[in-house]
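Structural overview for review
This is what each chain is made of:
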Amino acid sequence: MRPDLEVVAGLVPPGSRVLDLGCGSGELLDHLTREGGCTGTGVDSDPDSLVAAIRRGVPVIDLDIDSQLDQFGDGSYDLVVVSQTLQATRRPDDILGEVGRIAGRGIVSIPNFALWRHRLALLLRGRMPVSPVLPHPWYATPNIHLASLVDVEELFATAGMRVQERVLLDSSGRRTVLARRGPANLVAGGAVYLLVSQTAGGAGGSDSLVR
Amino acid sequence: MPDARTTYRLTLDEPLRLEGGRVLPHVEVAYETWGELDDAGSNAVFIAHALTGDSHASGTTDDPGWWDTMVGPGRPVDTDRFFVVCANLLGGCRGTTGPASIDPATGASYALDFPLLSIRDFVEVHRRLVRHLGITRLLAVVGGSLGGMQALQWALDAPDEVANAVVVAASSRLSAQNIAFSAVARSAIMRDPEFSEGRYDEGGGPRSGLATARMMAHITYLSEEAMASKFGRRIQDADEPRRRFGVDFAVESYLEHQGSTFLDRFDPLSYLYLSRALDYFDPFSEPGALDAAASCPRPPRFLVMSFDSDWRFSTEHSRRITRRLEGARLPTSFREIGSPHGHDSFLLDVPDYLTTVAAFLDRAHEEAGRAS
């Protein structure tokens, strides 16, 4: 399984009902169903991914995440996973609102645009970064809303989501401890956040995790 | 190894009480099968046909089936691996009891005395057939259009009998526009001077009305794009238009042909009864409609599909089905397939669609193998 999905899976309580937005071929849900006794549904719109998920036995619904999440009822899932997808949506703030509505809890995995290597690429070479975390050239990237960890954490707060847990990733998507005491926003290739909607009864107050 | 067509006929061993309350004392059902039932009885796939289909889902070059792209050796519904059953609908005219059958009470054909039918009645007949064949749980029910509605009803009513349901280009509730088309088709039949209250001799009756109904239905089965690419404004059988009211354009000739060939194989009364059953179909409106499936220890898995150019039952119809099933926490997959062919796509060679059904059934087969 993709390393960052391992991290995501580690944050999902066994037996959860999970909605996976941008599920790809359904790898995560397959794992959660077999290993964690979870149930759930994937969402994607890529034809090959949909067929692969169906072949794998993962229920998957073909829809446009940007405009059709009203397909899912209020509180109909325990948890919504948004893995490497938020930055590819048109309005990440709206998506977070939908996560709150559908489950009240979410796991968001996101690349960090402010990684030192990305900063250098722009600062020294004057070019948009291409890296293992951001592998596409600027004109062909699905990632239309690139942000730093500071930015996304600010957005979570604005969207009424409290960060309950944050796992920093290195540039290959593995859990890293290097950045824990250091300046995360500079050295992490990305992060996985466990979010709780404050309107959905999560404890109040947004902890600032960013250093 | 598709043999020449063999159509079997089963007489139900008990009278059939219909959803509407009437009882049919004697019901025969015509069906065909392909492939072999395995020892565990776990590889049976029921094909539910559409409004004017019949039990001949799969055939040969000489005797083609109506779903040859889907059903056959090596195809998504693989008759080398699955035991496939397809039966005529109750109310039909191809071997299963219908309005043209003899009413044992009078010795004459039922005609309009035949009771009104529901999709659940179609399914009940097929459930009895399947039990008769020694199948307690179907690997899958697969259907398009009216067939998809049967697959849905079956999985909702008897979730322990259906491991997987494939619901293609269907609806759980016809729109006013859908019903309007149905109404015009029936009106063409019933206003035909030869309708005679449904009491006509075999081969006679409201033939022109039925042909008109079929012509109109065909328009709803194709997309505008499909018609444009198939016919455009091409002129038929002449160098230039005659500019009269006969057949000038190729599309007119096509509809004419569809209307007249239909007369050889379909009974106007069956058309009335079957189309009416569609109009009233609304399974999710029933209280507790989803309870049985949702509380089933092994709930059916659903694959719902639509085609983007289908305006007869648009994607919105399939999304509604998906929303209800998924909302009841039933394992449900949904795809909208890109296809230029309109509603008819479910019978055609649309690779993305066939690949998806194959993936779903491959998985189903694998799981059944693991369980047994």
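A quick note: this is a predicted structure, and the numbers were derived from the prediction, not measured. (Residues numbered from 1 in each chain as written. Chains lettered and ligands numbered in written order. Predicted model: local features only at pLDDT ≥ 70, side-chain atom pairs only at ≥ 80, totals over all residues. Heavy atoms only, no water.)

1. Section: the overall build of chain A
Regarding its fold elements, chain A presents seven helices and seven strands. In chain A, the succession of helices and strands from N to C terminus is α-β-α-β-α-β-β-α-β-α-α-β-α-β. At 16 Å, chain A has a C-alpha radius of gyration in line with the 17 Å of a compact globule built from 211 residues. In terms of principal-axis extent, the alpha carbons of chain A reach across some 45 × 40 × 30 Å. Residues classed as buried in chain A amount to 51% of the 211 residues present. In chain A, once contacts between residues fewer than 6 apart in sequence are set aside, the share between residues at least 24 apart is 66%. Carbon and sulfur atoms make up 51% of the accessible area of chain A, which amounts to about 9,400 Å² in all. Each charge class in chain A can be summarised by its mean position, and for the 20 positive and 24 negative side chains these summaries are 8 Å apart. (Helix = DSSP H or I, 4+ residues; strand = E, 2+ residues; numbered from the N terminus. Rg over C-alpha atoms; globule rule 2.2 N^0.38 Å. Buried < 20%, exposed > 50% of the residue type's maximum accessible area, 1.4 Å probe, protein only. Contact = heavy atoms within 4.5 Å. Areas by Shrake-Rupley, 256 points an atom, 1.4 Å probe, with all protein chains shown as cover. Lys, Arg positive; Asp, Glu negative; His and termini not counted. Charge placed at Lys NZ, Arg CZ, Asp CG, Glu CD.)

2. So, the state of the cysteines
Residues and elements named next belong to chain B. Under the definition given, this model contains zero disulfides over all chains. This cysteine, Cys86, is not joined by any disulfide, and Cys93 carries the nearest cysteine sulfur, 14 Å off. For Cys86, a relative accessible area of 0% puts it in the buried group. (Disulfide = S-S within 2.5 Å.)

3. What about the packing of aromatic side chains?
All names here are of chain B. Counted according to the given criterion, the structure contains 15 aromatic pairs over all chains. Between Tyr110 and Phe114, the ring centres sit 5.0 Å apart and the planes meet at 80°, which makes this aromatic pair edge-to-face. Between Phe231 and Tyr254, the aromatic rings sit 4.8 Å apart at their centres with planes inclined by 45°, giving tilted as the arrangement. Taken together, the positions of Phe231 in the loop between helix H5 (224-230) and helix H6 (250-263) and Tyr254 in helix H6 put the pair 23 residues apart, joining distant regions of the chain. With a relative accessible area of 8%, Phe231 lands in the buried category. In this structure an aromatic cluster arises from ring pairing among Trp66, Trp67 and Phe346. Across the ring face of Phe313, the terminal group of Arg312 is positioned such that the distance to the ring centre comes to 5.4 Å. (Phe/Tyr/Trp six-rings, centres within 6.5 Å; stacked < 30°, edge-to-face > 60°. Lys NZ or Arg CZ within 6 Å of the ring centre and 35° of its normal.)

4. Thoughts on the interface of chain B and chain A
Contacts between the two partners involve 21 residues from chain B and, on the opposite side, 21 residues from chain A. Both faces combined, the contact of chain B with chain A buries some 1,800 Å², and carbon together with sulfur accounts for 47% of it. Looking only at chain B, the three residues that lose the most surface to chain A are B:Arg319, B:Glu326 and B:Arg329, adding up to 30% of its buried area. Connecting chain B to chain A are two salt bridges. (Buried area = accessible area lost by both parts, 1.4 Å probe. Salt bridge = Lys/Arg side-chain N within 4 Å of Asp/Glu carboxyl O.)

5. What about the environment of B:Leu139?
All names here are of chain B. Position of Leu139 relative to the elements: it lies in the loop between helix H1 (119-132) and strand E9 (140-144). Look at Leu139 and you get buried, because its relative accessible area is 3%. Linking Leu139 and Ser318, residues 179 residues apart in sequence, is a C-alpha distance of 22 Å. Non-local contacts of Leu139, meaning those with residues more than four positions away in its chain, are made with Ser42, Asn43, Ala44, Val45, Phe82, Ala163, Asn164, Ala364, His365 and Ala368.

6. Looking at the environment of B:Asp157
All names here are of chain B. For Asp157, the position within the fold is in helix H2 (residues 146-157). Residue class for Asp157 comes out partly exposed when judged on its relative accessible area of 29%. The spatial distance from the C-alpha of Asp157 to the C-alpha of Ala183 is 28 Å, given a sequence separation of 26 residues. Those residues within four positions of Asp157 in sequence are excluded, and the remaining contacts are Arg120 and Arg127.

7. Comments concerning the pattern of salt bridges
Residues and elements named next belong to chain A. Tallying each qualifying case throughout the model produces 31 salt bridges over all chains. The partner of Asp30 in a salt bridge is Arg34, with the nearest N and O atoms 3.3 Å apart. Here Arg34 and Asp30 lie together in helix H2 (residues 27-36), a separation of four residues that amounts to about one turn. Judged by its relative accessible area of 11%, Asp30 falls in the buried class. With a closest N to O distance of 3.0 Å, Arg101 and Glu98 form a salt bridge. In this pair, Arg101 and Glu98 both sit in helix H4 (residues 92-102), three residues apart, roughly one turn of the helix.

8. A closer look at helix H6 (residues 149-158) of chain A
An α-helical turn contains 3.6 residues, so any two residues separated by three or four positions project in the same direction. Residue and element names in this part refer to chain A. Among the residues of H6, Leu149, Val152, Glu153 and Phe156 are the ones counted as buried. In an axial view of H6, the angular spread of the buried residues amounts to 100°, which keeps them on one side of the axis. What points out from H6, more than 90 degrees from its buried face, is the exposed set Glu154 and Thr158. If you follow the buried residues of H6, they end up packed against H4, strand E5 (105-111), strand E6 (161-169), helix H7 (184-187) and strand E7 (190-197). At the C-terminal side of H6, Gly160 shows a positive phi close to 75°. (Arc of directions from axis to C-beta.)

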